[in-house]
Amino acid sequence: MVLVEARNLPSHVGIIMDGNGRWAQLRGQPRVAGHKEGAQAVRRIVRAARRLGLKALTLYAFSEQNWARPEEEVDALMVLLREFLLSERDEILDNGIRLNAIGNLGRLPSLVRAVLDPLRAESEDSDRMTLTLALSYGGREEIAAAARELAEEVRDGRIDPDDVTTERLRSRMPSLAVGDPDLVIRTGGERRISNFLLYGLAYAELHFADVLWPDFGAADLYEAIASYQVRERRFGHVGKPAPVALPHVPVASPVVASPIASALAASSAPITRIAI
Amino acid sequence: MAAPSNLALRLATAVVCVPLILLLLYRGPAWGFYLLVFPAAMIGTWELFAMTHPGDRVSQGIGVAIAAALSIALWFGVHDARTVVTVLVVVPLLGPLVTLARLGSIESAGFRAFAMGMGPLFIAVPMTLLALLRVEMGADGPSYVVMTMMFAWWGDTGGYFAGRYLGKKKLYEAVSPKKTVEGAVGGLAGSVLGALCAHFWYLPSISLAHAVPLSIVAGAFGQAGDLGESLIKRSTGVKDSGQIVPGHGGILDRVDALLLTSAVVFLYTLWIR
């Protein structure tokens with residue numbers, strides 16, 4: 001069982017939910033069956049993230065490029081999305097979750113917008129956790145849109161070309177309103193970013209899980225977070241010096257020999273682990 | 001066990017209360033149930049301290065105040081590990097110190113010190129978890145609460161009837177002279193029936209493979225909780241812990257099994273589901 005250290009949690013976690021189609025194919029079922037099971041995994045992971053106390057969870061639900069999939073699969077995904085939003089409405093509102101959506105939302109069918117927009121508005125003031133659904137989303141598209149916005153401001157004389165800084169660009173990215181992602185997980189075994197959160201990824205830790213998304217459970221999320229917690233994030237700076245191997249001293253040193261000291265060393269080595 | 005005339009009063013009370021609880025659960029706002037649970041937990045806590053600290057109104061008040069603070073802290077901060085750890089450190093450690101200021105008889109001071117450390121947690125924590133279950137489980141929340149109550153109360157009812165008509169062998173005479181082994185088995189059957197109702201009727205999202213074992217574990221702990229409360233009552237020389245629920249005794253008599261089933265079901269949703 002994987003336990004998670006409660007005091008060093010990533011604040012913003014992004015997930016590339018990959019593997020629904022393969023999950024279904026492995027079972028000789030239509031791809032839609034995999035997406036249906038994937039929706040269950042979303043429920044599980046949102047709940048686990050909330051109980052863990054993450055501040056933001058961004059799920060890559062549908063990419064700008066996914067529109068190229070067969071029409072019936074796209075339609076089924078949209079119906080599933082609508083069902084998900086309807087069935088999770090209570091849990092989202094009752095537990096202080098703010099629901100947000102990023103991407104080219106104008107392309108979504110009205111059957112989705114009709115439930116998505118009111119839920120976004122209703123949950124606007126919640127602040128326990130922000131759940132962001134990336135729908136019809138592309139990282140390059142988001143960067144281009146932000147650049148376009150700044151270009152318009154320059155054209156209108158509101159800012160100087162010199163004012164186009166990384167920070168200002170960042171402030172125009174809806175995906176980073178909850179802060180840069182600290183940890184991005186991709187399920188399904190592939191090691192790609194596939195146009196997810198490109199700008200914010202600069203210093204994110206990446207975790208690749210081989211398990212297909214429909215099989216991804218709370219324990220897999222904990223494992224990803226635990227792997228994040230043991231890594232040292234340096235943000236381009238120099239890290240702590242690596243421990244230097246001491247020459248072997250044949251005489252038992254008193255520090256090592258003391259049972260109390262070794263017990264203390266053993267107890268202080270692992271992190272305090274709390275599962276909530 | 002209650003006499004037959006008492007049974008009629010019990011049923012009448014249930015007929016009035018149960019629809020109100022269901023209405024609040026299924027039609028009320030998610031936090032509405034906590035508004036019912038909170039005062040009930042406080043009265044139950046007060047009944048407990050009336051047994052452990054007889055005649056000492058000040059200590060009873062302090063115990064209830066600690067329970068109120070920790071219930072509210074848990075309600076708002078259950079997902080913040082710092083809050084949970086702080087509550088679990090502060091209450092059991094500082095509670096016993098209250099006895100230093102309210103010493104009384106030195107013979108019972110040790111018992112009262114530990115009661116002040118544990119008592120605020122004993123009822124307030126599981127009752128708050130029950131109210132959290134309503135919020136936590138989204139659209140299924142009300143049904144999870146109903147299932148938890150069925151594990152406890154149908155267990156009680158099954159135990160009552162099985163014990164009354166089949167009961168021969170005493171279960172634990174030193175603690176609860178009227179309970180029988182047959183009653184305990186009937187109680188478990190009542191809890192399992194609750195699980196079947198949940199799966200086939202109002203909570204289809206729980207599978208039988210989960211619901212039935214859960215009902216047996218929760219039902220068994222619920223009955224142990226019932227015995228545990230009897231133990232405290234016997235040890236402190238009280239018959240019913242209160243008279244607030246007509247025919248049912250005090251709040252504590254009604255929720256003793258529910259405390260344990262709530263904790264079991266909440267931990268199930270936390271670790272397994």
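Residues numbered from 1 in each chain as written. Chains lettered and ligands numbered in written order. Predicted model: local features only at pLDDT ≥ 70, side-chain atom pairs only at ≥ 80, totals over all residues.

Examining the overall build of chain B
Helix and strand content of chain B: ten helices and two strands. Reading chain B from its N end, one meets helices and strands in the order α-α-α-α-α-α-α-β-β-α-α-α. Relative to the globule expectation of 19 Å for 273 residues, the C-alpha radius of gyration of chain B, 19 Å, shows essentially globular dimensions. Its C-alpha atoms give chain B principal-axis dimensions of roughly 55 × 45 × 30 Å. Of the contacts made within chain B by residues no fewer than 6 positions apart, 67% connect residues no fewer than 24 positions apart. (Helix = DSSP H or I, 4+ residues; strand = E, 2+ residues; numbered from the N terminus. Rg over C-alpha atoms; globule rule 2.2 N^0.38 Å. Contact = placed C-beta atoms within 7 Å.)

Some points on the overall build of chain A
Broken down by element type, chain A carries nine helices and six strands. When contacts within chain A are restricted to residue pairs at least 6 apart in sequence, those whose partners lie at least 24 apart make up 78%.

A closer look at helix α2 (residues 32-52) of chain B
With 21 residues, α2(B) should reach 30 Å at 1.5 Å per residue; the first-to-last C-alpha distance of 31 Å fits that figure. Of all 21 residues making up α2(B), 15 are buried, and the element is well covered by its neighbours. (Expected span 1.5 Å × (residues − 1). Buried ≥ 20, exposed ≤ 12 C-beta atoms within 10 Å, placed from the backbone.)

Focus on the interface of chain B and chain A
Many descriptions give the size of an interface as the accessible area lost when the pieces come together. Contact residues are listed per partner, giving ten residues for chain B and twelve residues for chain A. Secondary-structure elements contributing two or more residues to the side of chain B that touches chain A are α4 (81-94) and α6 (106-136) of chain B. Of the residues contributing to the side of chain B that touches chain A, the split by class is six nonpolar, two polar and two charged. (Nonpolar A, V, L, I, M, F, W, Y, C, P; charged D, E, K, R; others polar.)

As for the domain arrangement of chain B
All names here are of chain B. Assigned domains within chain B: domain 1 (1-28 + 139-273) and domain 2 (31-136). The partner domain 2 presents 20 residues to the 25 residues of domain 1 that form the contact. Considering every element that reaches the side of domain 1 that touches domain 2, the biggest residue donor is helix α10 (residues 251-271), with nine residues. Its residues assigned to classes, the side of domain 1 that touches domain 2 shows 15 nonpolar, nine polar and one charged. (Domains from an automatic or database assignment.)

Quick look at the nonpolar core
Ranked by size, the top nonpolar core spans 65 residues in total, and within it B:Val37, B:Leu70, B:Ile123, B:Ala124, B:Met127, B:Leu133 and B:Val145 carry the most contacts. Of all the secondary structure elements, the ones that give two or more residues to this core are α2, α3 (57-77), α4, α6, α7 (141-166), α8 (181-202), α9 (208-236) and α10 of chain B. Tallying contributions element by element places α6(B) first for this core, with twelve residues. Both domains that furnish three or more residues to this core are identified here as domain 1 (1-28 + 139-273) and domain 2 (31-136) of chain B. Setting aside residues up to four positions removed in sequence, B:Leu133 forms contacts with B:Gly141, B:Tyr144, B:Val145, B:Thr148, B:Val265, B:Phe266 and B:Thr269. Of all hydrophobic cores here, the second largest spans 54 residues; its members include A:Ala56, A:Leu57, A:Leu221 and A:Tyr228. (Core = buried A, V, L, I, M, F, W, Y, C linked by C-beta atoms within 7 Å.)

Considerations on the pairing of strand β5 (residues 183-186) of chain A
All names here are of chain A. The two faces of β5 match: Leu183 and Ile185 on one face and Val184 and Arg186 on the other face are all buried. Summarising the sheet, β5 and strand β6 (residues 205-208) pair through four bridges and their orientation is parallel. Counterpart to Val184 in the pairing with β6 is Leu206. (Pairing = 2+ DSSP bridges.)

Overview of the packing of helix α2 (residues 31-52) of chain A against helix α3 (residues 71-94) of chain A
Think of two packed helices as two axes; the pair is described by the angle between the axes and how far apart they sit. Residue and element names in this part refer to chain A. In contact at an axis separation of 10 Å, α2 and α3 are set at 25 degrees when each is read in the N-to-C sense. One element, α2, and the other, α3, form an angle in the roughly parallel class. For the crossing formed where α2 meets α3, the hand is right-handed. From α2, Arg31, Val32, His35, Lys36, Ala39, Val42 and Arg43 reach across to α3, where they touch Glu73, Ala76, Leu77, Leu80, Phe84 and Glu88. The residue makeup of the contact of α2 with α3, split by class, is seven nonpolar, one polar and five charged. (Axes fitted to C-alpha atoms, helices over the stretch in contact; angles between N-to-C directions. Parallel < 35°, antiparallel > 145°, perpendicular 65-115°, else oblique. Left-handed = near helix turned anticlockwise from the far one by under 90°.)

Points about α7(B)
All names here are of chain B. Taking 1.5 Å per residue as the helical rise, α7 with its 26 residues ought to reach 38 Å, and the 36 Å between its terminal C-alpha atoms agrees with that figure. For α7, the principal kink sits at Met150 and spans about 30 degrees. Here α7 lies mainly inside the structure; 21 of its 26 residues are buried. (Bend = angle between axes of the 7 residues up to and from the residue.)

What about the environment of A:Gly103?
All names here are of chain A. For Gly103, the position within the fold is in the loop between β3 (97-102) and α4 (110-122). Since 23 C-beta atoms lie within 10 Å of it, Gly103 is described here as buried. On a C-alpha basis, the gap between Gly103 and Gly138 in space is 6.7 Å, while along the polypeptide they are 35 residues apart.

Topic: the pairing of strand β2 (residues 56-63) of chain A
Residues and elements named next belong to chain A. The element β2 is extensively covered by neighbouring structure, given that seven of its eight residues are classed as buried. Bridge analysis of strand β1 (residues 12-16) against β2 gives five bridges, and the strand direction is parallel. Across the sheet, residue Ile16 finds its bridge partner in β2, namely Tyr60.

Brief notes about the confidence of the model for chain A
Summary statistics for chain A give a mean pLDDT of 87 and a share of 86% for residues scoring 70 or more. Here residues 249-276 of chain A is modelled with pLDDT under 50, and outside its nearest four sequence neighbours on either side it reaches 19 contacts, counting other chains as well. (pLDDT = per-residue confidence, 0-100.)

Details of the sheet that holds strand β4 (residues 129-137) of chain A
Residue and element names in this part refer to chain A. Overall, parallel pairing links the six strands, which are arranged β3-β4-β2-β1-β5-β6 in an open sheet. Pairing within the sheet leaves two strands with one partner each, and these edge strands are β3 and β6. Shown here is a sheet whose adjacent strand axes are inclined to one another by a mean of 20 degrees, direction ignored. Relative to β4, β2 runs parallel, the two sharing seven bridges. Note that in β4 the partner of Ser63 across the bridge is Tyr137.

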